[in-house]
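The primary structure of each chain is shown beneath.
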Amino acid sequence: MRRSRFFKHIPTSESIQQNRFLKPFSRYLHHHFLWQFNRRSVAGGLAVGLLVGILIPFAQILFGTIGAILTRVNLPIAAFATFVTNPFTVPPLYYAAYRLGNFVIGSDEVAAGASLGRGMFDKVVNEQGEVSHWHDKLIAWIQTVGPELMTGLAIIAVVSALTGYALVNVIWHLQARYRWHKRGSRKCAD
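Residues numbered from 1 in each chain as written. Predicted model: local features only at pLDDT ≥ 70, side-chain atom pairs only at ≥ 80, totals over all residues. Heavy atoms only, no water.

Before going further, it helps to spend a moment on the environment of Thr65. Residue position: Thr65 is located in helix H5 (residues 60-71). A residue is classified by how much of its surface remains accessible, and Thr65, at 17% relative accessible area, is buried. Sequence spacing of Thr65 and Ile77 is twelve residues, and the spatial spacing of their C-alpha atoms is 9.5 Å. (Helix = DSSP H or I, 4+ residues; strand = E, 2+ residues; numbered from the N terminus. Buried < 20%, exposed > 50% of the residue type's maximum accessible area, 1.4 Å probe, protein only.)

A word on the packing of helix H4 (residues 39-55) against H5. Following both chains from N to C, one finds H4 and H5 inclined at 140 degrees, their axes separated by 9 Å at the closest point. The angle between H4 and H5 falls in the class oblique. Crossing of H4 against H5: the hand is right-handed. Each of Arg40, Val48, Val52 and Gly53 in H4 lies in contact with H5, whose residues at this interface are Gln60, Phe63, Gly64, Gly67, Ala68 and Thr71. Its residues placed into classes, the contact of H4 with H5 shows four nonpolar, five polar and one charged. (Axes fitted to C-alpha atoms, helices over the stretch in contact; angles between N-to-C directions. Parallel < 35°, antiparallel > 145°, perpendicular 65-115°, else oblique. Left-handed = near helix turned anticlockwise from the far one by under 90°. Contact = heavy atoms within 4.5 Å. Nonpolar A, V, L, I, M, F, W, Y, C, P; charged D, E, K, R; others polar.)

Within soluble globular proteins, side chains that are nonpolar tend to cluster in buried spots. The biggest cluster of nonpolar side chains holds nine residues, and these are Ile54, Leu93, Ala97, Tyr98, Val145, Leu149, Leu153, Ile156 and Ala157. Of all the secondary structure elements, the ones that give two or more residues to this core are helix H7 (90-105) and helix H9 (131-189). With five residues, the single largest contributor to this core is H9. (Core = buried A, V, L, I, M, F, W, Y, C linked by side-chain atoms within 4.5 Å.)

So, on to a nonpolar patch on the surface. Together, Phe58, Leu62, Phe63, Ile66 and Leu70 make up a nonpolar patch on the protein surface, roughly 520 Å² of accessible area in all. Within the secondary structure, Ile66 is located in helix H5. (Patch = residues over 30% accessible without salt bridge, like charges linked within 9 Å, V, L, I, M, F, W, Y side chains within 5 Å. Areas by Shrake-Rupley, 256 points an atom, 1.4 Å probe, with all protein chains shown as cover. Salt bridge = Lys/Arg side-chain N within 4 Å of Asp/Glu carboxyl O.)

Bringing the side chain of Asn169 into the picture now. The residue Asn169 is located in helix H9 in this model. Asn169 has contacts with Arg39 and Ala43, leaving out every residue within four places of it along the chain.

A rise of 1.5 Å per residue sets the reference length of H5, with its twelve residues, at 16 Å; its end C-alpha atoms lie 16 Å apart and thus fit the reference within 8%. Burial in H5 covers these residues: Gln60, Gly64, Thr65, Gly67 and Ala68. Viewed along the axis of H5, the buried residues span an arc of 165 degrees, placing them on a single side of the element. Among the exposed residues of H5, those oriented more than 90 degrees off its buried face are Leu62 and Leu70. Downstream of H5 by one or two residues, Arg72 has phi in the positive range, about 55 degrees. (Expected span 1.5 Å × (residues − 1). Arc of directions from axis to C-beta.)

A positive phi angle, near 50 degrees, is found at Ala59, a position not held by glycine. By the element assignment, Ala59 lies in the loop between H4 and H5. Although it is not a glycine, Arg72 sits at a positive phi angle of roughly 55 degrees. Tracing the chain through its elements places Arg72 in the loop between H5 and helix H6 (75-81). A relative accessible area of 41% means that Arg72 is categorised as partly exposed.

In structure tokens, the structure reads:
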């Protein structure tokens, strides 16, 4: 896939400024760092997107955009990277985060939290009409697993963001070395 095809679908600064819904925010969306595709901007955008996508369970694109504006990294990459969490990845991610948080905090309540979760599910299935009762049980379950889950999510988010940042830098560096090597071998052949 050529670069021109890829960049053809990415919104430009001008198209954002002309959008009537985004016009009030055009002052913040005009900075050239938000739209550059260089090593620093892409790596930072990926890191911001992964961090926000894992830590924040709602309005991820909005918070990814705000994070990109504050850190002045690539906005489309930051917004797209928030899709790391989707309906297919959230259950295993949250389970792994809970287990990791439980290991870090050191509580031995994996079985208690899981049984409370199963008990809550059984009560919800059996008592379909009681919404307030279900809400109370859900709040109690979240308070039970909350510290472990948030600790695990924070660790996974930070490690993912740092890994994404480093991986983009390494790939970018290797690609540049390959191009330099290829260019040097062409000059020697001439």
